[in-house]
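Report on the structure
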Protein chains: 2
Amino acid sequence: MSAQINTTKLNELAQQHDYKALRAELTDMFDIDVAAFIEELPDEEQLLVFRLLTKDQAMNVFAEFSPDVQQHIIKSITDKEISTLIEQLAVDDAVDMLEEMPATLVKRVLKNSSPETRNVINQFLKYPENSAGSIMTAEFTSLRKDITVSDALKRIRRVGEDSETIYNCYVTDDSRHLLGVVTVKRILLAKDNQIIQDLMEEDVISVSTVADREDVANLMDKYDLISLPVVDAENRLVGIVTIDDAVDVIQKEATEDFHKMSTISPNDKPYFKTGIFTMAKNRIFWLLILMISGIITGKILGVYEEAFSVVPLLVTFIPMLTDTGGNAGSQSSTLVIRGMAVGEINMKDLPAVIWKEFRVSFIVAVPLALLNYLRIVLFNPESGRVGLVVSLAMICTVLLANIVGCTLPMIAKLLKADPALMAAPLIATLVDALSLVIYFTIALTLIPALA
Amino acid sequence: MSAQINTTKLNELAQQHDYKALRAELTDMFDIDVAAFIEELPDEEQLLVFRLLTKDQAMNVFAEFSPDVQQHIIKSITDKEISTLIEQLAVDDAVDMLEEMPATLVKRVLKNSSPETRNVINQFLKYPENSAGSIMTAEFTSLRKDITVSDALKRIRRVGEDSETIYNCYVTDDSRHLLGVVTVKRILLAKDNQIIQDLMEEDVISVSTVADREDVANLMDKYDLISLPVVDAENRLVGIVTIDDAVDVIQKEATEDFHKMSTISPNDKPYFKTGIFTMAKNRIFWLLILMISGIITGKILGVYEEAFSVVPLLVTFIPMLTDTGGNAGSQSSTLVIRGMAVGEINMKDLPAVIWKEFRVSFIVAVPLALLNYLRIVLFNPESGRVGLVVSLAMICTVLLANIVGCTLPMIAKLLKADPALMAAPLIATLVDALSLVIYFTIALTLIPALA
């Protein structure tokens, strides 16, 4: 694998203030690697090294910086430098930056933008968070339908420099209505005098500016698209989403689901960039909620205090029962949550999912129950009744856990809540309480000493 | 969003045997939608409808079928049809198909392939599972370094039809050594008589055929690449990985991690395509292992039977303590597992991670412990000692859970095992046992009645 960076050498050059050699090294590197190198420098050196970069590289590197470093740079540079930077940045990168900035800095940046840039930025800032509008770029290549291949190639050559991707060209009319799409591959393979209209694909997949970014990414994945046009309510082309941004969305959404499913409040900063108090804040809320549920489970256990004073052996099976319930619930909820996230499972599948989970539960639960029964009567031959109670409770717990596990995420989706919140921890707590009630109810019924 | 399919209409046409109209409808649809439609048809109609497609569409649709349907088609068509299909399929699609097929069918397919195709396929079949070689395609565009832009464009036009992507052209010498990369965008923006060598980027990011597919996908994500060259041990270009395949890898790897982290054995079939016995098999193994751990926890609890016969109140705090421990451990292990998967956390960060988790634990645990103490003394004023025991046990449990949660996945990685296996369920079981020992040890020390 290439593209490894020799940070030691770069740091040496920076320490020796050999900026000429450093500049030469940086020019040969990939933008994201330059950004990572500058981010690791002490605050006071970041701007110094950043100013070494050529105008083009500076803009690309700036777009790769984390919001903190972007703010630090913006705070430290002159109004004139801000003006150059903001005019050169792609609109979507500028908007990403402004969304993370305090209002005073946003004002300063907008004050130093040209009226046109300010207009486009303000337009982009209005799109809802996590919408197609919020991840699209305004730099795309559009063609008129009545031009020839050679004219199209001329236009692509002219506007290509500014376009994020030229490989899909979008055909529009005078009012920017989206008429079709034609790939550069198709244009290159055609004859010079062919007309774009005859080459274009009219059945073009597009999304509205307010479409959910996760749906956008899934659509691009499904149809193997490298860019996807975004249209307004009147089907006018306003931007495109490029595949690299869709990949970022896929990664971010997966991370968000991983975190939510482990009761961590979502946070898009990397692990080491999150302060310990923010991290504690992101974790304590759900721990608290689930602790309170745990207290309720404890109260339920308290109701049966008499039972386990008489037969203390009963208590020793509680961890196994509740653990297994929690794990079984976690399995079915994860299958359903992930299945919905990638579009394999839809709301209409609820009955089919429940039926499947019901059958799988039995196949899983019966061997586990049998094994427990055998183990209990083998080691405590006088405790056949307890063995029966534990086995029956095991079957009921696994069944309940799987049904609750698959149903809750789908109900959440129905109520427009995030299915990922209905994951293992919440389901485990719920199943804990229910399985204890089942366990002791069966015990009170079957063990004469408790009656 | 466009590209919605009217399945009802298609089904009606199929039922009315109006194959001419059906064919017309299918021709206008996207390949993946045609594949999805045919897959839903009864077995005996699948081949019939598949044969309606044009040769080009048939090949693309075939590549989108699930392995089951591919096998069904291959079993049902003639040797001649197999021969046409296999020569037209992209090598990587053919290999994907053969990897899932029983040996007798593989033999039949290879027997009907041309010697060259058979050679390439055999070559591809040798690449390890989940390697760059296993996801790459052999259809790429290569250019010589000494040709002009206009010659390059002529060559792109000639070979473009067969190339998966033409947007990155790879520059190679006579022995196919990789020398550089040049984008079609750059070629189009250059003058006709410029030489490719002067346009190409020499510092080209490439991977070896045996590189892990997850690393390949992360690399393409990081550097925003739409294709990535794959080279053999002698740096000879043998294929490219395209972004659509990398996106599939990202989705599959995330799903695999979700499943593993919920103790479901990995399985790359969608939810509804997995039989209930396979599904039960994928789930029961870990349930069994964790049930046995639960039994051990129960045994530990049994050791303290005397203690909770004397102070039964102690039992009622067990679910809350073990739940909170499990949840805290799940939070830290998820952060670390996902952090490692996306490359944010590396092995060298272990001390930094432990130190961070240690501090976060205290900020999280102290309020939870205080709240518990207050609650206990408020509702049971005579149980100040029990309150103290529960609070101290809470702090120790959260601390322990976070440290175990962040350490185990990293140790797994160190031992070349999958970090995702060291997730919530396993950690919860471990923390359960340890926290019970801590809880009762503190109780035996602090509560005089138990001494």
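Predicted model, so just to flag it, every value in this text is computed and none were measured.

**Some words on the overall build of chain A**
Along its length, chain A carries 22 helices and 6 strands. Computed over C-alpha atoms, the radius of gyration of chain A comes to 30 Å, more than 25% over the 22 Å expected from 2.2 N^0.38 for 451 residues, which places it beyond the range of a compact globule. Each principal axis of the C-alpha distribution contributes one length, and for chain A these read about 90 × 60 × 40 Å. Here chain A holds 451 residues, and 54% of them are scored as buried. Of the contacts formed within chain A by residues at least 6 apart in sequence, a portion of 67% connects residues at least 24 apart. For chain A, the accessible surface area stands at approximately 19600 Å², while carbon and sulfur atoms represent 56% of it. One way to put it: in chain A the 40 positive side-chain charges average out to a point 3 Å from where the 60 negative ones average out.

**Let's talk about the relation of the copies chain B and chain A**
Expressed as a screw transformation, the operator carrying chain B onto chain A has a rotation angle of 180° and an axial translation of 0.1 Å, and the superposed copies differ by an RMSD of 0.2 Å. Both copies of the chain, as the preceding transformation shows, are related through a two-fold rotation axis. In terms of proximity to the rotation axis, the leading residue of chain B is S309 of chain B, whose C-alpha is 2.9 Å off the axis.

**Side note on the interface of chain B and chain A**
It is common to give the size of an interface as the accessible area lost on bringing the parts into contact. Facing 113 residues of chain B, the contacting portion of chain A comprises 114 residues. Both faces considered, chain B and chain A share a buried interface measuring about 10700 Å² in area, 67% of it formed by carbon and sulfur atoms. Looking at the side of chain B facing chain A, the largest losses of area belong to F258, Y271 and Q331 of chain B, adding up to 7% of the total buried there. One can count 4 salt bridges joining chain B with chain A. Close ionic contact of K222 of chain A with D33 of chain B constitutes a salt bridge, the shortest N to O distance being 3.4 Å. At the junction of chain B and chain A, the tally comes to 28 residue pairs in polar contact (both at pLDDT 80 or more). When grouped by side-chain class, the residues that make up the side of chain B that touches chain A number 59 nonpolar, 26 polar and 28 charged.

**Re the packing of aromatic side chains**
Following the criterion strictly, the structure yields 24 aromatic pairs over all chains and no others. Arranged with centres 5.4 Å apart and planes meeting at 70°, the rings of F358 of chain B and F362 of chain B form a pair that is edge-to-face. In this pair, F358 of chain B and F362 of chain B are both assigned in helix α20 (residues 350-379), 4 residues apart and thus about one turn of the helix distant. An aromatic cluster of at least three residues, connected via ring pairs, comprises F50, F62 and F65 of chain A. Sitting above the plane of the Y271 of chain B ring, K356 of chain A keeps its charged end 5.3 Å from the centroid.

**Here's the deal with helix α6 (residues 67-76) of chain A**
Think of an α-helix as 3.6 residues a turn; residues three or four steps apart then line up on the same face. Of all the residues in α6 of chain A, the buried ones are V69, Q70, Q71, I73 and I74 of chain A. Each element contacted by the buried residues of α6 of chain A is listed here: α3 (31-40), α4 (43-52), α5 (55-64), α7 (79-88), α8 (91-99) and α9 (103-111) of chain A.

**A few points about the environment of P381 of chain B**
With respect to the helices, strands and loops of the structure, P381 of chain B is situated in the loop between α20 and α21 (384-414). In this structure, the C-alpha to C-alpha distance between P381 of chain B and L26 of chain B, residues 355 residues apart in sequence, is 76 Å.

**Concerning the confidence of the model for chain A**
Low pLDDT marks regions whose predicted coordinates should not be analysed in detail. Residue and element names in this part refer to chain A. Summary statistics for chain A give a mean pLDDT of 87 and a share of 98% for residues scoring 70 or more. Looking over chain A, one finds the lowest element-wise mean pLDDT in helix α18 (residues 305-310), namely 79, and the highest in strand β4 (residues 207-208), namely 95. As a predicted assembly, this complex carries a pTM of 0.82 together with an ipTM value of 0.81.

**Some points on the sheet that holds strand β3 (residues 178-183) of chain B**
The pairing of strands in a sheet comes from backbone hydrogen bonds and takes either a parallel or an antiparallel form. On the basis of which strands lie adjacent, the open sheet formed by 3 strands has the order β1-β2-β3 (chain B) and mixed pairing. In this open sheet, the two edge strands, each paired with only one partner strand, are β1 (142-143) and β3 of chain B.

**Quick look at the state of the cysteines**
Following the criterion strictly, the structure yields 0 disulfides over all chains and no others. As a non-bridged cysteine, C169 of chain A has C169 of chain B as the owner of its nearest cysteine sulfur, 16 Å distant. C169 of chain A gets classed as buried once you look at its relative accessible area, which sits at 0%. We note that C396 of chain B lacks a disulfide partner, and the nearest cysteine sulfur, in C406 of chain B, lies 17 Å from it. Relative accessible area serves as the criterion here: at 32%, C396 of chain B is assigned to the partly exposed category.

**Let's talk about the side chain of T397 of chain B**
Looking at where T397 of chain B falls in the secondary structure, it is placed in helix α21. For T397 of chain B, a relative accessible area of 0% puts it in the buried group.

**Thoughts on the environment of T84 of chain A**
Within the secondary structure, T84 of chain A sits in helix α7. Of note is the side chain of T84 of chain A, whose polar atom sits 3.0 Å from the backbone oxygen of K80 of chain A.

**So, the pairing of strand β5 (residues 227-231) of chain B**
Within a regular strand, the side chains alternate between the two sheet faces. Residue and element names in this part refer to chain B. Among the 5 residues in β5, 5 count as buried, and that is most of the element. Across the two faces of β5 the burial is the same, with S227, P229 and V231 and L228 and V230 all buried. When strand β4 (residues 207-208) meets β5, the two strands line up parallel, connected through 2 bridges. The partner of V207 across the bridge, within β5, is V230.

**Regarding α3 of chain A**
Residues D33, V34, A35, F37, I38 and E39 of chain A constitute the buried set of α3 of chain A. Buried residues along α3 of chain A sit against α1 (7-15), α2 (19-27), α4, α5 and α6 of chain A together with α15 (213-222) of chain B.

**Quick notes on the nonpolar core**
By size, the foremost hydrophobic cluster in this structure holds 165 residues, and its most contacted members are L22, F50 and I187 of chain B. Filtering out sequence-adjacent residues up to four positions away, L22 of chain B remains in contact with L10, L13, A14, F37, V49 and L52 of chain B.

**Here we look at the sheet that holds β4 of chain A**
All names here are of chain A. Strand order across the open sheet formed by 3 strands is β4-β5-β6, with mixed pairing between neighbours. One side of each edge strand has no neighbouring strand; the edge strands of this open sheet are β4 and β6 (237-242). Here 5 bridges tie strand β5 (residues 227-231) to β6, and the two strands are oriented antiparallel to one another. Paired with P229 across the two strands is I240, which belongs to β6. The strands touched by helix α15 (residues 213-222) within the sheet are β4, β5 and β6, with β5 carrying the most contacts at an inclination of about 140°.

**Some thoughts on unusual backbone geometry**
For D224 of chain A, which is not glycine, the phi dihedral falls at a positive 50°. Secondary-structure assignment places D224 of chain A in the loop between α15 and β5. You will see that N235 of chain B, though not glycine, has its phi angle at about 60°, which is positive. Examined against the element boundaries, N235 of chain B turns out to sit in the loop between β5 and β6 (237-242). Judged by relative accessible area, which is 33%, N235 of chain B ranks as partly exposed.

Definitions and limits used
Residues numbered from 1 in each chain as written. Chains lettered and ligands numbered in written order. Predicted model: local features only at pLDDT ≥ 70, side-chain atom pairs only at ≥ 80, totals over all residues. Heavy atoms only, no water. Helix = DSSP H or I, 4+ residues; strand = E, 2+ residues; numbered from the N terminus. Rg over C-alpha atoms; globule rule 2.2 N^0.38 Å. Buried < 20%, exposed > 50% of the residue type's maximum accessible area, 1.4 Å probe, protein only. Contact = heavy atoms within 4.5 Å. Areas by Shrake-Rupley, 256 points an atom, 1.4 Å probe, with all protein chains shown as cover. Lys, Arg positive; Asp, Glu negative; His and termini not counted. Charge placed at Lys NZ, Arg CZ, Asp CG, Glu CD. Least-squares fit on C-alpha atoms with pLDDT ≥ 70 in both. Buried area = accessible area lost by both parts, 1.4 Å probe. Salt bridge = Lys/Arg side-chain N within 4 Å of Asp/Glu carboxyl O. Polar contact = N/O pair within 3.5 Å; in protein donor to acceptor, adjacent residues only side chain to side chain. Nonpolar A, V, L, I, M, F, W, Y, C, P; charged D, E, K, R; others polar. Phe/Tyr/Trp six-rings, centres within 6.5 Å; stacked < 30°, edge-to-face > 60°. Lys NZ or Arg CZ within 6 Å of the ring centre and 35° of its normal. pLDDT = per-residue confidence, 0-100. Pairing = 2+ DSSP bridges. Disulfide = S-S within 2.5 Å. Core = buried A, V, L, I, M, F, W, Y, C linked by side-chain atoms within 4.5 Å. Axes fitted to C-alpha atoms, helices over the stretch in contact; angles between N-to-C directions.

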